[in-house]
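# Reading the structure
Here are the chains, one letter per residue:
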Amino acid sequence: MSYFRPSVDAMTGYQPGEQPAPGVKVIKLNTNENPYPPSEAALQVLRGFDGELLRRYPHPMADSFRDAASQVLGVPHDWILAGNGSDDILNLLVRACTEGDRKIVYPTPTYVLYETLAEIQDTKVVEVPYNDDYNLPVEQLIEANGAITFIASPNSPSGTLVPLDVLSKLASHLSGVLAIDEAYVDFADYSALELVKEHNNVIVLRTFSKGYSLAGLRLGFGVANPELLSGLIKVKDSYNVDAVACAVGAAAIADQAHKNASAERVKASRAKLTADLTQLGFKVGPSQANFVLAQAPNNKAGALYQALKERGILVRYFKQPRLDDKLRITVGTEEQNQALISALTELLA
Ligand code: PMP
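Residues numbered from 1 in each chain as written. Predicted model: local features only at pLDDT ≥ 70, side-chain atom pairs only at ≥ 80, totals over all residues. Heavy atoms only, no water.

Each packed pair of helices is defined by two parameters, the angle between the axes and the distance between the axes. Orientation of helix 4 (residues 63-73) relative to helix 11 (residues 243-254), taken along the N-to-C sense of each, is 10 degrees, at an axis distance of 8 Å. Considering their axes alone, helix 4 and helix 11 lie roughly parallel with respect to each other. Crossing angle aside, the handedness with which helix 4 passes helix 11 is left-handed. Packed against helix 4, whose contacting residues are Ser 64, Phe 65, Ala 68, Ala 69 and Val 72, the element helix 11 presents Cys 246, Gly 249, Ala 250, Ile 253 and Ala 254 at the interface. Taken together, the residues of the contact of helix 4 with helix 11 break down into eight nonpolar, two polar and no charged. (Axes fitted to C-alpha atoms, helices over the stretch in contact; angles between N-to-C directions. Helix = DSSP H or I, 4+ residues; strand = E, 2+ residues; numbered from the N terminus. Parallel < 35°, antiparallel > 145°, perpendicular 65-115°, else oblique. Left-handed = near helix turned anticlockwise from the far one by under 90°. Contact = heavy atoms within 4.5 Å. Nonpolar A, V, L, I, M, F, W, Y, C, P; charged D, E, K, R; others polar.)

As enumerated under the stated definition, the model contains 15 salt bridges in all. Linking Arg 47 and Glu 40 is a salt bridge whose minimum nitrogen-to-oxygen distance equals 2.9 Å. Among the salt bridges present, the one from Lys 272 reaches Asp 276, with a minimum N-O distance of 2.9 Å. With Lys 272 and Asp 276 both in helix 12 (residues 256-279) and four residues apart, the pair spans about one turn of that helix. Connected via shared salt-bridge partners are Glu 52, Arg 55 and Arg 56. (Salt bridge = Lys/Arg side-chain N within 4 Å of Asp/Glu carboxyl O.)

What follows is about the UniProt feature "modified residue: N6-(pyridoxal phosphate)lysine" (unreviewed entry) in the protein. UniProt records the feature "modified residue: N6-(pyridoxal phosphate)lysine" (unreviewed entry) at Lys 210, using the numbering of this structure. Note on placement: Lys 210 falls in the loop between strand 7 (202-207) and strand 8 (220-223). (UniProt positions renumbered as here; feature names shortened; annotations may be inferred.)

Moving on to unusual backbone geometry. Of note, the bond from Ser 153 into Pro 154 is cis; its omega dihedral lies within 30 degrees of zero at 0 degrees. Among the secondary structure elements, Pro 154 is positioned in the loop between strand 5 (148-152) and helix 8 (164-173). The omega torsion of the bond from Ser 156 to Pro 157 falls at 10 degrees, within 30 degrees of zero and hence cis. Within the secondary structure, Pro 157 is located in the loop between strand 5 and helix 8. Positive phi, normally seen in glycine, also occurs at Asn 32, with a value near 60 degrees. Given the relative accessible area of 0%, Asn 32 is considered buried. With a phi angle near 55 degrees, Asn 299 is a residue other than glycine that sits in the positive phi range. Within the secondary structure layout, Asn 299 lies in the loop between strand 10 (291-295) and helix 13 (301-310). Judged by relative accessible area, which is 63%, Asn 299 ranks as exposed. (Buried < 20%, exposed > 50% of the residue type's maximum accessible area, 1.4 Å probe, protein only.)

See the structure below:
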């Protein structure tokens, strides 16, 4: 007999991108971290952090963070729920809204964690494939009518953004929750945040891991009307955001100038990386995120991934249909991107 529930026995578990061994220097372009440092104002809060605040439990709703976020986002603070990364909010949604035939629906390929969370919860999944142009298959998503429909916009790994009128149409036809995962929105042309005011069933998810260069902090949040948040609050850990994340996150979100400046640098490098890869024979889709999805010449993606790894350059390779001829490459600093392009030039010669 197994110790575990059958659904846990049957699953593989989410496989995060590789981490280098401690002390080993690599160029890490595989998990979409921001190559630039976090806000100096946020780092100062970290350096000056009062140990007394660690002795005590943190505020259960991370109120000082919510106040800062509310100012920046222009929504009341009870429309914001903070989490231990946006993965925490995804997890709360799945646990609060779904089980069995109360199904989860999403277009594929997309963020693999949606499937993993469904497996843990023993929830049925309906996957609706994107076409090669990555236009959202709205009619099929409406027909599937999930208890939750997850749309990553910009999507990973394609980097594509869904137009707001399409998201709005989807929201108005679904009876369940539409969760718009905006992990990469800081690098995109527009956000769907306003839709939370127009549709009671929409929640928008954000993270500090990408635009704010704080993946190690583990902070994310959801924005929705208080009634939609109420079920998630019942399910969450009592203290799901630690005192350090709450204080540093409040300072980071207040420093929009820093976040916007580093996003602009990443976007400029994204354009150059796209041009350089195209020059080398890759087919690169247009990206609104801090990574590009690049189809390798001569079907060499798997071999290139391995050869780059041997040279200390990590990129993401998904061994699955439709993606196994491509590499997902995080936009690094200009020097890192140049090192990647030089290595690829040699490998493809
Ligand atoms: N959504 C998407 C689409 C992502 O790619 C990621 C990060 N891999 C997340 C959410 C989770 O981000 P975090 O938990 O670090 O906030």
